[in-house]
Structure formats: structure tokens, C-alpha cells
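Structural characterization, general
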Amino acid sequence: MERRDVRGHYEELAAEYDEHWVYGPDYIPWMSSRIAEALRLSPVDRIADIGSGTGLFAREMARQLQPGHPILCVDPSEAMLRQLGTPPTSGLTPIVASAEDIAEGRASLPYERLDAMWLKESVHHVTDQARTLRGLADRLAPGGRLLVVMLPATIQYPLFQAALDRFEELQPDPADIQAHLSAAGLEAGITHVEHELRIDRDKYLGMVRARYMSLLAMFSDSEIEKGIEEMRAAHPEPVLVFPDRFAFVLGQRRAEGT
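What counts as what
Residues numbered from 1 in each chain as written. Predicted model: local features only at pLDDT ≥ 70, side-chain atom pairs only at ≥ 80, totals over all residues. Heavy atoms only, no water. Helix = DSSP H or I, 4+ residues; strand = E, 2+ residues; numbered from the N terminus. Contact = heavy atoms within 4.5 Å. 1 Å grid on protein atoms, 1.4 Å probe; cavity = no way out; pocket = protein on both sides within 12 Å on 5 of 7 lines; lining within 4 Å. Points joined across faces, edges and corners; volume = space filled by probe spheres on them. Nonpolar A, V, L, I, M, F, W, Y, C, P; charged D, E, K, R; others polar. Buried < 20%, exposed > 50% of the residue type's maximum accessible area, 1.4 Å probe, protein only. Arc of directions from axis to C-beta. Polar contact = N/O pair within 3.5 Å; in protein donor to acceptor, adjacent residues only side chain to side chain. Pairing = 2+ DSSP bridges. Axes fitted to C-alpha atoms, helices over the stretch in contact; angles between N-to-C directions. Salt bridge = Lys/Arg side-chain N within 4 Å of Asp/Glu carboxyl O. Right-handed = clockwise from strand over helix to strand, strands pointing away. Parallel < 35°, antiparallel > 145°, perpendicular 65-115°, else oblique. Left-handed = near helix turned anticlockwise from the far one by under 90°.

**Structural notes on the environment of alanine 188**
Within the secondary structure, alanine 188 sits in strand 6 (residues 187-200). Residues alanine 188 and glutamine 178 lie 10 residues apart in sequence; the distance between their C-alpha atoms is 5.9 Å. What alanine 188 contacts, discounting residues up to four positions off in sequence, is Gln178, Leu181, Ser182, Leu250 and Gly251.

Take a look at the structure:
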């Protein structure tokens, strides 16, 4: 298999994405709760999940807020959005667009302004992060919140070394994202959350082979198999235990009159 671009990667993985991506049954509820708390979501908020993929987090978020709460699921991959269901369930509305499309006003939304939006592990796909985050900030209503959920510059995943090295080359620094949000006129800060992952080693190796991280799409089949053998040697234990640590970069627009 040749190395693939990001959009092609997700188009091919869409039908099996939820199966390969989810670490365990408690992960989605845990992360969704952390996002909802950080954004202080309420049942009256106009909400968008930018880079929603198959709607894993939006679906759980809608359930936690109230059944059927509307959430816009924005993603450039039609194949990923088709996994939301037909017709859309749980109040999820698919919007085929990229973060850049929303920021530049090239995509039509049912709301002129949004109260809350989040980007979960997708900001590294954005070419001009400063420009795009500024455009997204401009879509916020007074008091609106924009949350960028991202991995730190260094991760402790049990991946093969070449993948870890490539990750560090490409991953933006959360401090830079905070600076972009501040430059966009938002009050911005960074917090961190951490979740201990426990996953069957063979399942995780299967996720790597399926290229569950877009980073892995940069490696050929032979490179992936070589990496898996490296991982087997480094991790003979049947259950992998490692921390999943995230930076939560939150920006908020001032409310009117403040």
C-alpha cells in the first residue's frame, strides 16, 4: 500500500473507524464529559464538533445534554459522516466541510453564530492554524467558547520509534495554539487531562495495522509490519497500560457589555 493523504486515509477507514479507534468502553464517555465540562455546555447552546469524524463524541455529548440535542457534525469526509446514520440520529446534523471552510465562510451553517465548538485531535491537520482559528473565533457568539483538544508535543504511546519521532516532528505545540486563540481576541488558557488506558496488546497491534492514527498513514505496509515487530519485542506483556494525556486549549469570547 502506498502512503496516503489524510482525507483518503479517513475515507478508506470510515466503515471500520469506530471499531479500530475506540480503546475501551469507558473512553468515549470519559472524554465527552471532560469536553462538556470544559465548554460548560448547556441544553440551549448552539454547538459544532469541527472534525467530528463518525460522531463518536458528538453522539455521546448529545446524550449527556439531553436526548436529541442538536449538534453540528462538521467533517470533510462524506464517508465518515455517513456513519452518523440515515436519517441522522440523536440530533446530529452532518456538514461536509473542513475547519478552513467554516472559518472562511465557505460552508453554510444553520446558525449565524455558535455558542460552543470543539476540535478534537484535528488541529494538526490544519495548514494555517492561526488564520483558521481566527476565522472560527469570529463565528462565536458573545460569551462563546472554542476548545482545541490535542495531544501534547510528546506522547507515551507504545508505538514504534519511527512513528513517535514522526509525531514529534508534526505535532503543534499547545502553547502556540493558545497564542493563536489569544491573537484572535479570545481569553485563552491551557489545562490538561489524563486517562490511563488498558488495552489488549493484540487489539492495539491490530489498531496500528489498521492505521487508527492518521500519522500511521504515512508509513507503508512493510514499515508498519516492521514497526509492529518492534512493538512486540518492546512490549511482551499481554495488556498494554499507558497514559493518554491531552491539552485542553480553551478560548472564550467576552460577553456583551464586559
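**Notes on empty space enclosed by the protein**
Here the structure, examined in full by the defined rule, presents one cavity of 30 Å³ or more. Taken as a whole, the largest cavity encloses approximately 30 Å³ of empty space. Going through the elements one at a time, helix 10 (201-209) and helix 11 (221-234) are the ones with two or more residues in the lining of the largest cavity. In the lining of the largest cavity, the residues fall into four nonpolar, one polar and two charged.

**Observations regarding helix 9 (residues 174-183)**
Here helix 9 has its buried residues at Pro174, Ile177 and Leu181. For helix 9, the buried positions fall inside an angular range of 55° around the axis, keeping them on one side. Next to the buried residues of helix 9 lie helix 7 (129-138), strand 5 (140-150), strand 6 and strand 7 (239-252). N-capping of helix 9 is provided by aspartate 173, with a side-chain oxygen placed 2.8 Å from the backbone N of alanine 175.

**Describing the side chain of arginine 201**
Along the polypeptide, arginine 201 turns up in helix 10. A distance of 3.5 Å separates the side chain of arginine 201 from the backbone oxygen of arginine 232, its partner in a polar contact. Setting aside anything within four residues of it in sequence, one finds arginine 201 in contact with Arg232, His235, Pro236, Glu237, Pro238, Val239 and Leu240.

**Examining the sheet that holds strand 1 (residues 47-50)**
The sheet built from seven strands is open, its strands ordered 3-2-1-4-5-7-6 with mixed pairing. Only two strands of the sheet have a single neighbouring strand rather than two, namely strand 3 (92-96) and strand 6. Recorded for the sheet is a direction-independent mean angle of 20° between the axes of neighbouring strands. Where strand 5 meets strand 7, six bridges bridge the pair, whose relative direction is antiparallel. In the sheet register, leucine 147 faces strand 7, and the bridge partner there is leucine 250. This element, helix 10, spans strand 6 and strand 7 of the sheet and lies at about 125° to strand 6.

**Quick word on the pattern of salt bridges**
Applying the stated rule across the entire model yields 17 salt bridges. Notably, a salt bridge pairs aspartate 115 with arginine 46, separated by 2.9 Å at the nearest N-O pair. Taken as a pair, aspartate 115 in strand 4 (residues 114-120) and arginine 46 in the loop between helix 3 (27-39) and strand 1 lie far apart in primary sequence, 69 residues in all. For aspartate 115, a relative accessible area of 12% puts it in the buried group. Residue arginine 46 is classed as partly exposed on the basis of its relative accessible area, which comes to 29%.

**Quick word on the pairing of strand 4**
Of all seven residues that make up strand 4, seven are buried, and the element is covered over most of its length. Bridge count for strand 1 against strand 4 is four bridges, and the pairing is parallel. The residue bridging aspartate 49 from the neighbouring strand is tryptophan 118, located in strand 4. In this sheet, strand 5 lies alongside strand 4 in parallel orientation, the contact comprising six bridges.

**As for helix 4 (residues 56-65)**
The α-helix advances 3.6 residues per turn, and as a result positions three or four apart in sequence lie on the same side. Helix 4 sits mainly inside the fold: seven of its 10 residues count as buried. Taken together, the buried positions of helix 4 are Leu56, Phe57, Ala58, Glu60, Met61, Ala62 and Leu65.

**Thoughts on the pairing of strand 5**
For strand 5, a buried count of 10 out of 11 residues is recorded, marking the element as mostly surrounded by other parts of the structure. Handedness of the crossover joining strand 4 and strand 5 through helix 7 is recorded here as right-handed.

**A closer look at the packing of helix 10 against helix 11**
With their axes 10 Å apart at the nearest point, helix 10 and helix 11 run at an angle of 160° to one another. Accordingly, the angle class assigned to the pair helix 10 and helix 11 is roughly antiparallel. You can see that helix 10 and helix 11 cross each other, and the crossing is right-handed. When helix 10 is examined against helix 11, the residues Arg201, Asp202, Tyr204, Leu205, Val208 and Arg209 are found in contact with a partner set consisting of Ile224, Glu225, Ile228, Met231 and Arg232. Here the contact of helix 10 with helix 11 is composed, by residue class, of six nonpolar, no polar and five charged.

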